[in-house]
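Chain by chain, the residues run as shown.
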Amino acid sequence: MAGKEDSDVLRPVVAFSKNIWREQFPSFASMDDSVFDSLTKEIDPLKEKVKEMLMASTADPIENVKLIDTLLRLGVSYHFDNHIEKHLKSIFDSQQNLVAGNDHDLNTTSIVFRVFRQHGFKMSCGVFDKFKESDGKWKESVIEEDVGGMLSLYEAANLRVDGESILEEALAFSKAKLKCVVSKSNPLVAKQIMNALDQPLNKCPPRLAARNFISFYEEQDSRNDTLLMFAKLDFNRLQAIHKKEISHVARFWKDCNFSSELCYARERYVEVYTWINIMNSEPRYTRWRLLLTETLTLISILDDTFDAYGTPQELQRFINALKRWEIGGVDELQDYTKIICKAVFEVFDEIEEEAKKEGSSYGVPYAKDAFIGLINNYHAEVKWCHDGYVPTFDDYINVAMKTSTFDPMLAISFLGMKTISGLEAIQWLQSQPKIMTAANIIGRVMNDIVSHEFEQLREHCPSSVECYMKKHYLSKNDALKELEKKL
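This text gives an overview of the structure that appears in the document. Quick caveat: nothing in here was measured; it's all calculated off a predicted structure.

### Remarks on a nonpolar patch on the surface
Moving on, step 1. On the surface, a nonpolar cluster with roughly 240 Å² of combined accessible area is contributed by W275, I278 and M279.
Moving on, step 2. Here W275 shows up in helix 12 (residues 269–279).
Moving on, step 3. We classify W275 as partly exposed; its relative accessible area is 32%.

### Concerning helix 21 (residues 464–472)
Moving on, step 1. S464, V465, C467 and Y468 are the residues of helix 21 that are buried. Buried residues in helix 21, looked at end-on, bunch into an arc of 165°, giving them a common side.
Moving on, step 2. Looking at the packing, one finds that the buried side of helix 21 touches helix 17 (393–400), helix 20 (434–455) and helix 22 (476–486).
Moving on, step 3. Downstream of helix 21 by one or two residues, Y473 has phi in the positive range, about 55°.

### Points about the packing of aromatic side chains
Both the distance between ring centres and the angle between the ring planes are used here to describe each pair of aromatic rings.
Moving on, step 1. Scanning all chains against the criterion turns up 23 aromatic pairs.
Moving on, step 2. Between F348 and F371, the aromatic rings sit 5.3 Å apart at their centres with planes inclined by 70°, giving edge-to-face as the arrangement. Note that F348 is positioned in helix 15 (residues 335–358) and F371 in helix 16 (residues 364–387), a separation of 23 residues in sequence. Each member of the pair, F348 together with F371, is buried.

Thresholds, definitions, all that
- Residues numbered from 1 in each chain as written.
- Predicted model: local features only at pLDDT ≥ 70, side-chain atom pairs only at ≥ 80, totals over all residues.
- Heavy atoms only, no water.
- Patch = residues over 30% accessible without salt bridge, like charges linked within 9 Å, V, L, I, M, F, W, Y side chains within 5 Å.
- Areas by Shrake-Rupley, 256 points an atom, 1.4 Å probe, with all protein chains shown as cover.
- Salt bridge = Lys/Arg side-chain N within 4 Å of Asp/Glu carboxyl O.
- Helix = DSSP H or I, 4+ residues; strand = E, 2+ residues; numbered from the N terminus.
- Buried < 20%, exposed > 50% of the residue type's maximum accessible area, 1.4 Å probe, protein only.
- Arc of directions from axis to C-beta.
- Contact = heavy atoms within 4.5 Å.
- Phe/Tyr/Trp six-rings, centres within 6.5 Å; stacked < 30°, edge-to-face > 60°.

Now the structure itself:
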C-alpha cells in the first residue's frame, strides 16, 4: 500500500541554495560523437609522435622521468600508462641512487622524487640529505633557490609520509619562501605559485591541474609544440565526453522527478559528477562514471532524507525494504521513500548488468552490502538526534566514519576496473584495511569541519566537532584546530 507522509510531523527541512547549473547542461545532450571522433583523428598521429619521444628518452633516465612528469602534468599520461609503469620500474630497480649524488640540483631531485612517489614507488626521502649541512640545517644555497626549484621541492614535500622530518622542514620553508616571492614574480609565475599554495598537485583535481599547466607550458621557451598541441586537443576531446556525461546525469535527475517529488533534497548532481570525474576522467570509464554519479546523487538525496525529512519509523521501513532488495517491498513505503527505493534498485540493476559485461559481477553483493551499511549508519545518527543523545567522540567516529560514502563508492569503482582489480581486491575491501578506515575518518571529519555550523542550525545529531569539544572540554575554535592537526 502506498503511504502519504504525515503532514503533522515536524520535518526540519532546509532551504538549500538552488542548482545554478540546471539550464546549462541539457543543451549538451544534442552533441553527437562527431566532435570526439574528429578530435581523435587529429590526436592519433600526434600520439604516435609523443610515444616515440617517450621511447627515445629512455636513453637518459633523468630525461625520461622529466618527460613522464610533463605528460602527467599536461593530463595525457593515461595514453601511455603501461609504458610509463615499465620505464619507472626499470629505472627504480636498476638505479635506486639515481639522484642521490651531487650531480643533480634541487629541481631535478624534487621532480624525480615526486614522480616515483606518485606512482607508488618507495623512493627514500634520503635523496634530499645532500642539501643539508653536517649540523642538519638546510644549506643556504637551497634556501635561496630559485622559484622553480622551490616549487618543485614544495610539491615533493607534499608527498611526505609520517616521520619524514626532512620533508616536514622542506614543506615549511618552501611554503614560506613561495609566499614571500609571489608578489615579486611575473604574473604567470605568480599564478603558478598561488595555484600550488592553494592546491598542491596531490590535492588538485587532475583536469583542473592539466588545464592550468597547459597554459604555463605554452609560455615556456623550452616547450615542445607537438606535445603542446597533443595536450590541447586531448583536453578538448575529454571535455566533449564530459559535457555529454553531465547532460546524461541532468536527464537522470529530471526523469526521476526528484525536483518535484523530493523538493527537500539538494540538487547537486553537477557537483557530484565533478567529484567522480576527479577520481577518473579517462574515456574508457565513461559508463562507470555515470553509474557512480547516479549512485552518489542518490546517496546525497538519502543523506538529506535521513537528516531532514524522514521519521525514524518511515526510515526503518525504507531500510527493511532495501534489505529485502525486492521491488515488491516498495509498495508499503511512503511515496517519497518509494521514489528513492525504486531509483536505487534501477541503478543497481544497471551496475549489475555492466559488472557482468566486465566479468566482475562477483563484487555486486558486496557493493549492495556496503550501500545498505551506509544507510544503517545514517539511521543510527537519526536515532541519536531523535533521542537527544550526544555520543562520545569514539562512539561517534565508529558510526559516522561509515557515512563518508567511501565504502559503497569504492566497491562500485572496483567493479569497473576489472583490468587492475579482481576478486582479491573486493575481498581486500571487505577486510576493512587500515587505509580504508583512515580514508573514512578523514572524509567524515573534513565534512564535519565544513558543515557542522550549518547542520546545527536545525535539529541534527552532533558532529565530530561537538563530540570532540565535549571529550576534551574545548571551545569550538580550539576543537577545530585540533581536528585539523589530526588530519
